Amino acid sequence: QVQVVESGGGLVQAGGSLNISCSVSGRIISINDMRWYRQAPGKQRELVATITGGAITNYADSVKGRFTISRDAGWRMVSLQMNSLKPEDTAVYLCNANVNWQNYWGQGNQVTVSS
């Protein structure tokens with residue numbers, strides 16, 4: 001079975017930094033694209049960052065230059081380094097991983113940025 005577990009969320013002042021991570025465990029044959037989404041109350045879920053199986057990255061315009069998505073060599077963990085945080089970054093951050101040709105979701109990781 002495959003399990004996706006997120007960690008690293010919390011409360012931070014505007015301008016500060018956080019690193020959140022997403023760890024995949026279980027019987028893994030293949031890991032392909034991994035993504036971070038976020039969802040704030042009253043807003044639609046949005047795609048924040050993607051890293052492909054070939055390590056190609058893509059970011060939402062709102063976070064370019066501030067956030068960095070990365071993975072370890074075995075694709076067991078994906079991290080999102082968030083710098084220069086803004087109050088509008090406040091949301092539940094959700095990890096989505098394509099594992100064994102299926103999509104798996106983490107439970108969500110609250111990030112709150114105060115002004």
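Structure first, text after, so check above.
A brief look at the structure comes next. Owing to the predicted nature of the structure, the values given are computational and were not obtained by experimental measurement.

Pairing between the strands of a sheet comes from backbone hydrogen bonds, and it takes one of two forms, parallel or antiparallel. Read from one edge of the open sheet, four strands run S1-S3-S8-S7, paired in antiparallel fashion. Since the sheet does not close on itself, it has two edges, and those belong to strand S1 (2–7) and strand S7 (67–71), each with one partner. When strand polarity is set aside, the average angle formed by the axes of neighbouring strands in this sheet is 15 degrees. Note that strand S3 (residues 18–26) and strand S8 (residues 77–82) share six bridges and pair antiparallel. Residue isoleucine 20 lies in a different strand from S8, and its bridge partner there is leucine 80.

All right, on to the packing of aromatic side chains then. Inspection of every chain in the model, using the stated rule, returns one aromatic pair. Between tyrosine 37 and tryptophan 105, the aromatic rings sit 5.2 Å apart at their centres with planes inclined by 45 degrees, giving tilted as the arrangement. Taken as a pair, tyrosine 37 in strand S4 (residues 31–39) and tryptophan 105 in strand S10 (residues 102–105) lie far apart in primary sequence, 68 residues in all. By relative accessible area, which is 38% here, tryptophan 105 ends up partly exposed.

The rules we used
Residues numbered from 1 in each chain as written. Predicted model: local features only at pLDDT ≥ 70, side-chain atom pairs only at ≥ 80, totals over all residues. Heavy atoms only, no water. Pairing = 2+ DSSP bridges. Helix = DSSP H or I, 4+ residues; strand = E, 2+ residues; numbered from the N terminus. Axes fitted to C-alpha atoms, helices over the stretch in contact; angles between N-to-C directions. Phe/Tyr/Trp six-rings, centres within 6.5 Å; stacked < 30°, edge-to-face > 60°. Buried < 20%, exposed > 50% of the residue type's maximum accessible area, 1.4 Å probe, protein only.

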